[in-house]
Amino acid sequence: FARAGMSSAAEKLLEEFTPTPESYGLVIKAISLSDDKDAVERAWNILYQIGYPRKNVKDVEPFSVPITTFNSMLKLFARRGMATEAEALLHSIDEYILEGKSKESGPNIRSYEAVLEAIGKTSDLDAVERAESLV
C-alpha cells in the first residue's frame, strides 16, 4: 500500500493489526504518495498518535519515533514543495535529540535530501542560502 500511495487502505490496516513504529511510517509514506488534499493533516495526526509532541521541546516527555517515519513526513513536505515545514521539522528533530527527548537517532542523509528537495521546489529568493545552510 505504501509504494502505491493507497493511503486509506494503509490506514485501515493500522486498525486491523497491532501497529509497530515502522508500520506507522509506511502509512505516512502511503499518505505522502497520495494526492489526498488532507494528506498533511492526516500524517501529522499519525505522528502525534505515535508520540511526537505537540508542545515545546522543554515541556515534553521522552518519545520514540524512528527516523524513517520522520523521513516519510519530510518526503511528504518535499513532494508538496513545503520547504518551510520540512525545515521546521528537521530542526525540531535535531532539537529533540540535543535535549535528550528523542530516544532515536537523528536525521540522516535521506532527511537532508528530502528537505533539499522541498527547498528546490520553492521560488523563494533565499532558497539557495537555506539549502547551503543545511550542508
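Structure's up top.
Bear in mind the structure is a predicted one, so any value in this text is a computation, not a measurement.

Tallying each qualifying case throughout the model produces 6 aromatic pairs. Measuring from centroid to centroid gives 6.0 Å for Trp44 and Phe77, while their planes differ by 50°, and the two rings are tilted. Highlighted residues: Trp44 in helix H3 (residues 39-49) and Phe77 in helix H4 (residues 67-79), separated in sequence by 33 residues. Accessibility expressed as a relative area gives 0% for Phe77, which makes it buried. A centroid spacing of 6.3 Å and a plane angle of 25° characterise the contact between Tyr48 and Tyr52, whose relative ring orientation is stacked. Grouping aromatic residues by their ring pairs yields a cluster made of Trp44, Tyr48, Tyr52, Phe70, Phe77 and Tyr96.

Let's shift gears to helix H2 (residues 21-33). Over its 13 residues, H2 runs 19 Å from end to end, which matches the ideal 18 Å to within 8%, given 1.5 Å per residue. Turning to H2, the residues buried within the fold contact helix H1 (7-16), H3 and H4.

Next up on the list: the pattern of salt bridges. Overall, the coordinates contain 8 salt bridges when judged by the stated rule. A salt bridge links Arg42 to Asp36, with the shortest nitrogen-to-oxygen separation between them at 2.7 Å. Here Lys75 makes a salt bridge to Glu117, at a shortest N to O gap of 2.7 Å. In this pair, Lys75 is assigned in helix H4 and Glu117 in helix H6 (residues 109-120), connecting sequence segments 42 residues apart. Using a relative accessible area of 28% as the deciding quantity, one classes Lys75 as partly exposed.

So, about the packing of H1 against H2. Running from N to C, H1 and H2 point in directions that differ by 160°, and their axes come no closer than 8 Å. Relative to H2, the element H1 is oriented roughly antiparallel. Crossing handedness for the pair H1 and H2: left-handed. Residue-level inspection shows Ser7, Ala10, Glu11 and Leu14 of H1 in contact with H2, the latter providing Ser23, Tyr24, Val27, Ala30 and Ile31. Across the contact of H1 with H2, the residue classes tally to 6 nonpolar, 2 polar and 1 charged.

What follows is about the packing of helix H5 (residues 83-98) against H6. Where H5 contacts H6, the axes come no closer than 8 Å and their chain directions differ by 155°. Judged on the interaxial angle alone, H6 and H5 are roughly antiparallel. Like other packed secondary-structure pairs, H5 and H6 cross with a definite hand, here left-handed. Touching Ala83, Ala86, Glu87, Leu90 and Asp94 of H5 are Ser111, Tyr112, Val115, Ala118 and Ile119, all from H6. Split into classes, the residues belonging to the contact of H5 with H6 amount to 7 nonpolar, 1 polar and 2 charged.

Thresholds, definitions, all that
- Residues numbered from 1 in each chain as written.
- Predicted model: local features only at pLDDT ≥ 70, side-chain atom pairs only at ≥ 80, totals over all residues.
- Heavy atoms only, no water.
- Phe/Tyr/Trp six-rings, centres within 6.5 Å; stacked < 30°, edge-to-face > 60°.
- Helix = DSSP H or I, 4+ residues; strand = E, 2+ residues; numbered from the N terminus.
- Buried < 20%, exposed > 50% of the residue type's maximum accessible area, 1.4 Å probe, protein only.
- Expected span 1.5 Å × (residues − 1).
- Contact = heavy atoms within 4.5 Å.
- Salt bridge = Lys/Arg side-chain N within 4 Å of Asp/Glu carboxyl O.
- Axes fitted to C-alpha atoms, helices over the stretch in contact; angles between N-to-C directions.
- Parallel < 35°, antiparallel > 145°, perpendicular 65-115°, else oblique.
- Left-handed = near helix turned anticlockwise from the far one by under 90°.
- Nonpolar A, V, L, I, M, F, W, Y, C, P; charged D, E, K, R; others polar.

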